[in-house]
Amino acid sequence: MSERLIAIGDIHGCKVALERLLAEVAPTSKDIVVTLGDYVDRGPDSRGVIDTLIELRRSTQLIGLVGNHEEMMLEVIRDGQSPHGWLKYGGVETLDSYGFDGGLDFLPQSHEDFFDSLGDYFEYEDYFFTHAAYDPDTPLEHQPPEMLRWYTLNDGFPAAHISGKTAVVGHTAMRDGEILDIGHLLDIDTFCYGGGWLTAIDLYSRQVWQVAQDGRVRSTQAQY
């Protein structure tokens, strides 16, 4: 059993918030830290976020999930898909952070390796983690990718999963800055890039940490 089981919501290029959040949480090698995806796009420093997460792996047990924004980016730069959709939803900011000069080979090898390491879901003890949502009647290993990465809770909450475990997700931004808790599901995307907070939660103690894009700390002691 890990000392703490910590989830971090959608970061979206908010490096200052991420660095301050990690300073507050102070994860150790005994903790498991699960990042729920959407590291890139919209915020000002996607490249810096990836650098920070690569460094974090040296000091804690980091489990990274892939979000729909990573999917969009990689489909453009690896699979040759049209960039228009990605650019519309924050890709311009990501390209700027990498100093884009017209070529699609802008990712450093360490970043390529980081994106290759990301998983679709993570299951641990009484919890499972996905970027967006899940099909309640399908085992995790057979979940459709569109549910894991694209489904919005604005279209309805999924029922409890057949595993009986509690889901921890992001993707659907809680624009009021508050965690959504419906019992069998927690949504911890609290809209950092749009003026809300970057949220981390320890699932064991239910302690919550929240930091704004400019580094302001909302709370380091709240029990959720």
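Residues numbered from 1 in each chain as written. Predicted model: local features only at pLDDT ≥ 70, side-chain atom pairs only at ≥ 80, totals over all residues. Heavy atoms only, no water.

1. Structural notes on the pairing of strand β3 (residues 61-64)
As a reminder of what qualifies: Each residue gets one of three labels from its accessible area relative to the maximum for its type: buried under 20%, exposed over 50%, partly exposed in between, using a 1.4 Å probe on protein chains only. Labels follow the DSSP assignment, with helices taken as runs of H or I lasting at least four residues and strands as runs of E lasting at least two, numbered in each case from the N terminus. DSSP bridges decide pairing: two strands pair if at least two such bridges lie between them. With the strands pointing away from the viewer, any crossover whose connection runs clockwise from the first strand over the helix to the second is right-handed.
The alternating pattern of β3 places L62 and G64 on a buried face, while none of Q61 and I63, on the opposite face, is buried. In this sheet, β3 lies alongside strand β2 (residues 32-35) in parallel orientation, the contact comprising four bridges. Residue pairing in the sheet places I32 in a bridge with Q61 of β3. Once you follow β2 into helix α2 (residues 46-56) and on to β3, the crossover reads as right-handed.

2. Structural notes on the packing of aromatic side chains
Let me state the cut-off plainly: Only the six-membered ring of Trp is used, alongside the rings of Phe and Tyr, when aromatic pairs are assigned; centres must lie within 6.5 Å, and planes under 30 degrees apart are stacked while those over 60 apart are edge-to-face, with the rest tilted.
This structure, assessed with the given rule, holds eight aromatic pairs. Arranged with centres 5.8 Å apart and planes meeting at 70°, the rings of F114 and F115 form a pair that is edge-to-face. Like F115, F114 is buried. Measuring from centroid to centroid gives 6.0 Å for F122 and Y124, while their planes differ by 15°, and the two rings are stacked. Looking at F122, the relative accessible area reads 15%, which means it is buried. Given a relative accessible area of 18%, Y124 falls into the buried group.

Structural measurements only, silent on function.
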